[in-house]
Amino acid sequence: MLEILDTTLREGEQTPYVNFTIDEKIHIAKMLDQIGVDMIEAGDPSVSPNIFKAIERISALNLNAEIVAHSIASRAGIDKAKACGADRVAIFYATSKIHLDAKLHKTEEQAIAIIQEHVSYARSKGLKVRYTPEDATRTDFEFLVRVCNAAIEAGADRISFADTLGIMQPHVFYDRVKSLRERLLPCKIDLHCHDDYGLALANAMSGIRAGADCIHTTVNGLGERTGIPDLAETVVAFHNLERAEKYNIQPLMELSSYLEKISGFFLAPNKPITGQNAFSHKSGVHTNGILKDPRTYEPFDPAILGRERKIIIDKYTGKSAVQSRLDEYGIKVSDAELEVIVNRIKNMGDQRKQLFDTDIIEIAEQVTGREMDVIPHDISAMIMLEVESHVYTTSVVRRLRGFENVSQVYEVTGDYDISAFANVENMSALNNLIEEIRTVQGVKRTETRMVLKKYLSK
Ligand code: HCA
Ligand code: CU
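About the criteria used
- Residues numbered from 1 in each chain as written.
- Chains lettered and ligands numbered in written order.
- Predicted model: local features only at pLDDT ≥ 70, side-chain atom pairs only at ≥ 80, totals over all residues.
- Heavy atoms only, no water.
- Near = heavy atom within 4 Å.
- Polar contact = N/O pair within 3.5 Å; in protein donor to acceptor, adjacent residues only side chain to side chain.
- Areas by Shrake-Rupley, 256 points an atom, 1.4 Å probe, with all protein chains shown as cover.
- Helix = DSSP H or I, 4+ residues; strand = E, 2+ residues; numbered from the N terminus.
- Expected span 1.5 Å × (residues − 1).
- Buried < 20%, exposed > 50% of the residue type's maximum accessible area, 1.4 Å probe, protein only.
- Contact = heavy atoms within 4.5 Å.
- Pairing = 2+ DSSP bridges.
- Axes fitted to C-alpha atoms, helices over the stretch in contact; angles between N-to-C directions.
- Disulfide = S-S within 2.5 Å.
- Donors = N, O, S within 2.8 Å, 3.2 Å for Na, K, Ca; no water.
- Lys, Arg positive; Asp, Glu negative; His and termini not counted.
- Salt bridge = Lys/Arg side-chain N within 4 Å of Asp/Glu carboxyl O.

J.: Can you help me understand the site of ligand 1 in this one?
T.: The environment of ligand 1 is made up of 13 residues, and the closest members are H70, T132, E134, S160 and T164. For ligand 1, an oxygen atom lies 2.8 Å from a polar atom in the side chain of T132. Contact between ligand 1 and E134: an oxygen atom at 2.5 Å from a side-chain N or O atom of the residue. Protein contacts shield 93% of the accessible area of ligand 1, which totals 350 Å² for the unbound molecule. At the level of elements, β5 (128–132) and β6 (158–163) are the ones that each hand at least two residues to the shell around ligand 1.

J.: Honestly, helix α5 (residues 108–124) in this entry has me stumped. Any pointers?
T.: In an α-helix, one turn spans 3.6 residues, which is why side chains three or four residues apart end up on the same side. Taking 1.5 Å as the rise per residue, α5 with 17 residues should run 24 Å; its terminal C-alpha atoms sit 24 Å apart, in good agreement. For α5, the full list of buried residues reads A111, I112, I114, I115, H118, V119, Y121 and A122. Of the surrounding secondary structure, the elements contacted by the buried residues of α5 are α3 (75–83), β4 (88–92), α4 (97–104), β5 and α6 (141–153). One or two steps after α5, the chain reaches G126, where phi turns positive at roughly 85°.

J.: Please explain the sheet that holds strand β1 (residues 3–6) as it appears in this structure.
T.: Each strand in a sheet pairs with another by means of backbone hydrogen bonds, the pair being arranged parallel or else antiparallel. Around the barrel, eight strands lie side by side as β1-β2-β3-β4-β5-β6-β7-β8; this closed barrel has parallel pairing. The mean inter-strand angle of the sheet, taken between neighbouring strand axes irrespective of direction, is 25°. Here five bridges tie β4 to β5, and the two strands are oriented parallel to one another. By the bridge assignment for β5, V89 is matched with V129.

J.: Whenever I open this one, the state of the cysteines confuses me. Can you help?
T.: Working definition: the covalent bond between the sulfur atoms of two cysteines is a disulfide. Taken as a whole and judged by the stated rule, the model has zero disulfides. No disulfide involves C193; its nearest neighbouring cysteine sulfur is the one of C214, lying 11 Å away.

J.: For this particular structure, what's the right way to read the side chain of R88?
T.: Relative to the helices and strands, R88 resides in strand β4. Residues contacting R88, with those up to four places away along its chain left out, are E66, I67, V68, A69, L127, K128, V129, R130, D157 and R158.

J.: Could you clarify how one ought to interpret the coordination of the copper ion (ligand 2) in this entry?
T.: Ideal donor angles around a metal are set by the shape: a four-donor tetrahedron calls for 109.5 degrees, a six-donor octahedron for 90 or 180 degrees. Coordination of the copper ion (ligand 2) by the protein involves E11 (OE), H192 (NE2) and H194 (NE2), with metal-donor separations of 2.1 to 2.2 Å. The sequence pattern describing where the donors of the copper ion (ligand 2) fall on their chain is E-x180-H-x1-H. Taken together, the residues span a long stretch of sequence, with E11 in the loop between β1 and α1 (22–35) and H192 in strand β7 (residues 188–193) at a distance of 181 residues. Note on accessibility: E11 and H192 belong to one class, buried.

J.: Would you mind showing me how to read the side chain of D44 here?
T.: Within the secondary structure layout, D44 lies in the loop between β2 (39–43) and α2 (49–59). Buried and without a salt bridge, D44 has R10 as its closest oppositely charged side chain, separated by 7.4 Å. Of note is the side chain of D44, whose polar atom sits 2.9 Å from the backbone nitrogen of S46. For D44, the contacting residues outside a window of four places in its chain are R10, I51, I55, H70, S71 and I72.

Now the structure itself:
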């Protein structure tokens, strides 16, 4: 059965400019445990005192997940892994010729001796041991098998087959993992696939098919350079495509948004599963299909993630989508009026980027000559923010831009430092948004102004 090791707290914190506080790490670990990941790689305790403390606190939580500390092959590092209370130490030592020659200045025989010595040392301390041949996919295969079997003989019960540079392709990786499985002494095989060519999850899935046991993930695909497989994509892909259903899907979205906020590392809208556009439909042909039966253009129901589908109204929109939006508001129009409304929307879409329900209602008013007594479901609001004097305004702006509902952010002069334009579905969403904005570090005070009527620029 598939296993997942999430390494947001170790590999994820190796993302350029991303650092977590201890409390943030504890929150992440608890949510990962709710999702049901099998192992949490919580950090390398030798890197900094706070990383040590974070692993110590996470180990003390007694989560279901096994807690793994990462370490280079050093006795001091292994001692720290033991001292912080981790269940397992993951010792990494590179095995490719380029790493041995240029970085470690060791021969293959010396490398084997060092690895065996440190695996045995960690075992003697009562730790479970994973051994990672770093840069495994560029390592001579015969040597790789020898090193891994030496580590297993010394007491490692897991090997992490690391595609450190993300150079594999699914069919090549499949063959490699299959041979490795055949040639290794009994052990579990982890797959640590980097995403340099955008193939990380595809490689990992094919490695599991070839007989490996575990995939390494991070929330939002964080990690060195382009990161590793995203936790949500991995869980949902296995759940839907492979019927591996042991993980809890519902908290994935919340965890992804939480990571966006605390890391300042924002998802591209077209990112699968958790991206803003993952369940949005635009062209007339697509929206018409979706309105008749969502299965026409949705690979699965967004409700499994607690998400909703969205129909975008703009110049690509056809009559059926506009009619259904007007129906939502109880606005009745004739066929001829509908045609004019759709044309106006197309013209406006040609000039502007985004149409809100306020705009659509206004167009309906203009076309029919009747005043519509309806309140748009989506509410526009200006949120004014005062920033603490010791905080860079730009750092708050950066966080604000990560909120899905905040469309425009301005740094301004006057009593407030920032003005943000938000568009939300209803009052409670607006309330939540303001609450969340207040938790952003450096925000001292907010004032919200609801937009009653909007006048469109010509
Ligand atoms: C690195 C190490 C590593 C280790 C992977 C693992 C890699 O930062 O180079 O221990 O499973 O990608 O090789 O992240
Ligand atoms: Cu890595």
